[in-house]
Amino acid sequence: MPVIVYAILDSIQINDSISHGFDFLPSGSTVQLELVPSGILTAIVSSQPDNKLSNSRQEVLAYAGIVDKISERFSILPMRYGSVVASCADVTALLEKNSESFIKVLNQIMHKEEYSLRLFFSHEHHGDVVHEKSVDVTLSLPDILLGNTETKNYLLKKYQEHIAEEKRFKYIEKIQLVITQDLKKITEIVDYKKRATSGCIIDAVLLIERGAKNELLALVAEMQSRYPEHNVILTGPWPPYNFAQIKLA
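Residues numbered from 1 in each chain as written. Predicted model: local features only at pLDDT ≥ 70, side-chain atom pairs only at ≥ 80, totals over all residues. Heavy atoms only, no water.

A. Here's a closer look at the overall build of the chain. A count of helices and strands for the chain gives six helices and nine strands. Looking at the chain as a whole, 39% of its 249 residues are labelled buried. Taking contacts inside the chain between residues at least 6 apart in sequence as the whole, the part at least 24 apart equals 77%. As displayed, the chain offers around 14,400 Å² of accessible surface, 53% of which is attributable to carbon and sulfur atoms. (Helix = DSSP H or I, 4+ residues; strand = E, 2+ residues; numbered from the N terminus. Buried < 20%, exposed > 50% of the residue type's maximum accessible area, 1.4 Å probe, protein only. Contact = heavy atoms within 4.5 Å. Areas by Shrake-Rupley, 256 points an atom, 1.4 Å probe, with all protein chains shown as cover.)

Set out below in structure tokens:
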């Protein structure tokens, strides 16, 4: 019978109480979780009653909900929806073949939680920094742009847009530098997901010690106070999906 894999963890975290039931499952869940140990690693799995998973939103959310609940109690390597193998014997083989990679990641995420931190330009203040009309280029205008022809006016507009873009990125880099320095006081494990866009200043995920949650909340509150013209959004804690990327053998 196919087996769904939810999470992998260090067997040391497993104690006698878990063998009496997974009392942390979401209310109303009909999933029967099992432990598949292999040396110092253990997988948390359930049997799949048929041969294929449904890709419905309900099923995906139910799977994620179970992983979230497991993550609240243990430091885990969370698996993605669709992590299915043919049998428990294949789960054991998976743990054995990838034990070195699994242990390396588990050591990094042990007793830590993932958060998402994003800083956005607010709609109200977006134009304060990024709009070309906010840029005065008359004092540094190249001679080639002097004049009042249609072509000159077009080139002038493009020049203003270019200067505004440079100004925006310098502004963003200044904020990013300050926030990066602040985050380093809490954790060195930060992944900046993508480059800044016209609306986004920072989009980062970070891994922090479970006990540092209040310190992070205080930092976010200070950020919002420091940049009232922007929107600061913190979500989490989440299972450390972004810090558990492994190419399986």
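B. Summary view of the confidence of the model for the chain. In this model, the chain carries an average pLDDT of 80, and 76% of its residues clear a pLDDT of 70 or more. Mean pLDDT across the elements of the chain bottoms out in helix 4 (residues 126-130) (51) and peaks in helix 6 (residues 213-226) (93). (pLDDT = per-residue confidence, 0-100.)

C. The arrangement of the pattern of salt bridges in detail. For the coordinates displayed, the defined rule picks out six salt bridges. R210 is the partner of E113 in a salt bridge, and the nearest nitrogen-oxygen pair spans 3.1 Å. In this pair, E113 is assigned in strand 6 (residues 112-121) and R210 in the loop between strand 8 (200-209) and helix 6, connecting sequence segments 97 residues apart. E113 sits in the buried class, given a relative accessible area of 13%. One salt bridge in this structure joins D182 and R226, with 2.9 Å as the shortest N-O distance. Of the two residues, D182 sits in helix 5 (residues 150-183) while R226 sits in helix 6, which places them 44 residues apart along the sequence. The buried category is assigned to D182, whose relative accessible area is 12%. For R226, a relative accessible area of 30% translates into the label partly exposed. One salt-bridge network, held together by shared partners, links D182, K185, E222 and R226. (Salt bridge = Lys/Arg side-chain N within 4 Å of Asp/Glu carboxyl O.)

D. Quick look at the environment of A212. Examined against the element boundaries, A212 turns out to sit in the loop between strand 8 and helix 6. Residues A212 and E113, 99 residues apart in the sequence, show an inter-C-alpha distance of 9.5 Å.

E. Representation of the side chain of N98 within the structure. Counting through the fold element by element, N98 comes out in the loop between helix 2 (88-97) and helix 3 (99-109). Among the polar contacts made by the side chain of N98, one reaches the main-chain carbonyl oxygen of L94 at a distance of 2.9 Å. (Polar contact = N/O pair within 3.5 Å; in protein donor to acceptor, adjacent residues only side chain to side chain.)

F. Spotlight on helix 1 (residues 57-73). For helix 1, with 17 residues, the first-to-last C-alpha span of 25 Å sits near the 24 Å given by 1.5 Å per residue. Y63, G65, I66, V67, I70 and S71 are the residues of helix 1 that are buried. Considering only its buried residues, helix 1 is in contact with strand 1 (3-10), strand 2 (33-38), strand 3 (41-47) and strand 4 (76-78). (Expected span 1.5 Å × (residues − 1).)

G. Seen up close, helix 3. Here helix 3 has its buried residues at F102, V105, L106 and I109. On an axial view of helix 3, the arc spanned by its buried residues comes to 100 degrees, and they lie on one face. Every exposed residue of helix 3 that faces more than 90 degrees away from the buried side is listed here: E100, K104 and N107. If you follow the buried residues of helix 3, they end up packed against strand 1, strand 3, strand 4, helix 2, strand 6 and strand 8. Remark: H111 follows helix 3 within two positions and exhibits a positive phi of approximately 60 degrees. (Arc of directions from axis to C-beta.)

H. Layout of the packing of aromatic side chains. Enumeration over the complete set of coordinates arrives at three aromatic pairs. Judged by centre distance (4.9 Å) and plane angle (25 degrees), the rings of Y6 and Y63 are stacked. Pair noted here: Y6 is in strand 1 and Y63 is in helix 1, with a separation of 57 residues, a long-range link. Judged by its relative accessible area of 3%, Y6 falls in the buried class. Ring geometry for Y63 against Y81: centres 5.4 Å apart, planes inclined by 80 degrees, an arrangement best described as edge-to-face. With Y63 in helix 1 and Y81 in the loop between strand 4 and strand 5 (84-85), the pair connects residues that are 18 residues apart, well separated along the chain. Taking relative accessible area as the criterion, Y63 reaches 6% and is therefore assigned buried. Overall, Y81 belongs to the partly exposed group, its relative accessible area being 24%. Cluster of aromatic residues (ring-pair linked, three or more members): Y6, Y63 and Y81. (Phe/Tyr/Trp six-rings, centres within 6.5 Å; stacked < 30°, edge-to-face > 60°.)

I. Expanded view of the environment of V5. Within the secondary structure, V5 sits in strand 1. In sequence terms V5 and L33 are 28 residues apart; their C-alpha atoms lie 9.6 Å from each other. Apart from the residues within four sequence positions on either side, V5 is in contact with A43, I44, V45, Y63, M79, S83, V85 and V91.

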